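Overview (structure and organization)
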Amino acid sequence: MKEYGDEGFIALLREGRAEAKKDIRKGKVLADGQVLEFREREIIKKMLWMWLPDGFGPLSGEMARLKYPNENRPDIIYTNPGTTINVTFSHKTDRLEEGQEEEIRDYMGEIVQRLHPSSGIIEKNTAEAENCRLAWFDFVTPAIDTDIYNIMFFTSLQGRLLMGGCNCLDEDKDVWKELFVQMLGTVRSA
């Protein structure tokens with residue numbers, strides 16, 4: 001099979017000679033006119049891995065303070081080059097045993113509802129990853145000049161709470177929700 005660059009792949013899609021792959025583990029994915037390739041990345045050294053788009057990288061400390069002004073910002077933030085799509089992780093000291101993921105998800109959902117009463121929970125679900133379960137919910141929050149689509153997820157990592165989030169502009173959620181949920185399914189822990 002002949003390999004194509006991004007331009008060739010897009011041209012084939014337009015001509016109807018190829019279909020956009022939907023599985024992030026099986027090659028390039030067409031997302032909102034952009035070709036993305038995902039690969040597994042080490043998130044927490046020797047503890048946690050997840051598939052992320054190739055173009056994503058760590059958000060600088062200065063930019064993290066601007067995007068997440070609260071001192072309780074996530075410990076690890078990966079972002080796209082435009083900083084409009086983010087994946088975050090915080091490995092807390094709070095204990096969380098396997099099987100308690102849905103309980104913490106529901107509790108955190110109540111907190112989000114109190115903080116943002118106009119932001120209803122859209123969906124609650126659980127992603128079955130290679131060797132862990134991630135309970136998640138999604139919602140939309142207002143920002144200064146737009147709305148932000150968010151997924152918050154929770155799992156036990158070495159007996160401690162790992163919480164994270166995926167977010168993008170609300171106008172991009174139709175493309176990114178499916179990709180975020182697939183990404184959750186790729187999480188692997190040591």
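What counts, and at which threshold
- Within every chain, residues take consecutive numbers counted from 1 along the sequence as written.
- Selection of residues for local features in this predicted model requires a pLDDT of at least 70, selection of side-chain atom pairs for listing and counting requires 80 or more, and totals for whole chains, interfaces and linings are taken over all residues.
- In computing side-chain values, all of the structure's heavy atoms are included and hydrogens and water are not.
- Numbering of helices and strands runs from the N terminus, with a helix taken as a DSSP run of H or I at least four residues long and a strand as a DSSP run of E at least two residues long.
- Throughout, a contact is declared for two residues whenever any of their heavy atoms are within 4.5 Å.
- For every residue, the accessible area (1.4 Å probe, protein chains only) is compared with the maximum for its type, and the residue is labelled buried under 20%, exposed over 50%, or partly exposed between those bounds.
- Pairing between strands is defined by DSSP: at least two bridges between the two strands are required.
- Here a pair means two rings of Phe, Tyr or Trp (six-membered ring of Trp) with centres within 6.5 Å. Their orientation is stacked below 30 degrees between planes, edge-to-face above 60, and tilted elsewhere.
- Between N-to-C directions, angles cover 0 to 180 degrees, with each direction set by a line fitted to C-alpha atoms, over the stretch in contact for helices.

**Concerning the environment of valine 181**
- Mapping valine 181 onto the fold places it in helix H4 (residues 173-184).
- As for valine 181 and alanine 127, which are separated by 54 residues in sequence, their C-alpha atoms are 7.3 Å apart.
- Beyond its immediate chain neighbours, meaning those up to four positions away, valine 181 contacts Trp136 and Ile151.

**Here's the deal with the pairing of strand S9 (residues 133-142)**
- In terms of burial, S9 is largely enclosed, as eight of its 10 residues are buried.
- Bridge count for strand S8 (residues 123-128) against S9 is six bridges, and the pairing is antiparallel. Along S9, the bridge assignment pairs glutamate 123 with aspartate 138.
- Turn length for the S8-S9 hairpin, with the two strands adjacent in sequence and antiparallel, is four residues.

**Section: the packing of aromatic side chains**
- Across all of its chains, the model carries five aromatic pairs by this definition.
- Look at phenylalanine 56 and tryptophan 176: their rings are 6.0 Å apart centre to centre, the planes differ by 40°, and that puts the pair in the tilted class. Of this pair, phenylalanine 56 sits in the loop between strand S4 (48-53) and strand S5 (57-58) while tryptophan 176 sits in helix H4, and the two are 120 residues apart along the sequence.
- By relative accessible area, phenylalanine 56 is classed as buried at 4%.
- Consider the rings of phenylalanine 137 and phenylalanine 154, whose centres lie 6.1 Å apart with planes at 20°: the pair is stacked. With phenylalanine 137 in strand S9 and phenylalanine 154 in strand S10 (residues 147-157), this residue pair connects regions lying 17 residues apart in the sequence. The same class applies to phenylalanine 137 and to phenylalanine 154, which are both buried.

**Examining the sheet that holds S5**
- One open sheet accounts for seven strands, arranged S5-S6-S7-S11-S10-S9-S8; its pairing is antiparallel. Strand pairing shows two members of the sheet lacking a second neighbour, S5 and S8, which therefore form its edges.
- Helix H3 (residues 101-115) rests against S8, S9, S10 and strand S11 (160-169) of the sheet, and its axis sits at about 10° to S9.
- Its contacts with the sheet put H4 on strand S7 (86-95), S8, S9, S10 and S11, and the angle it makes with S10 is roughly 5°.

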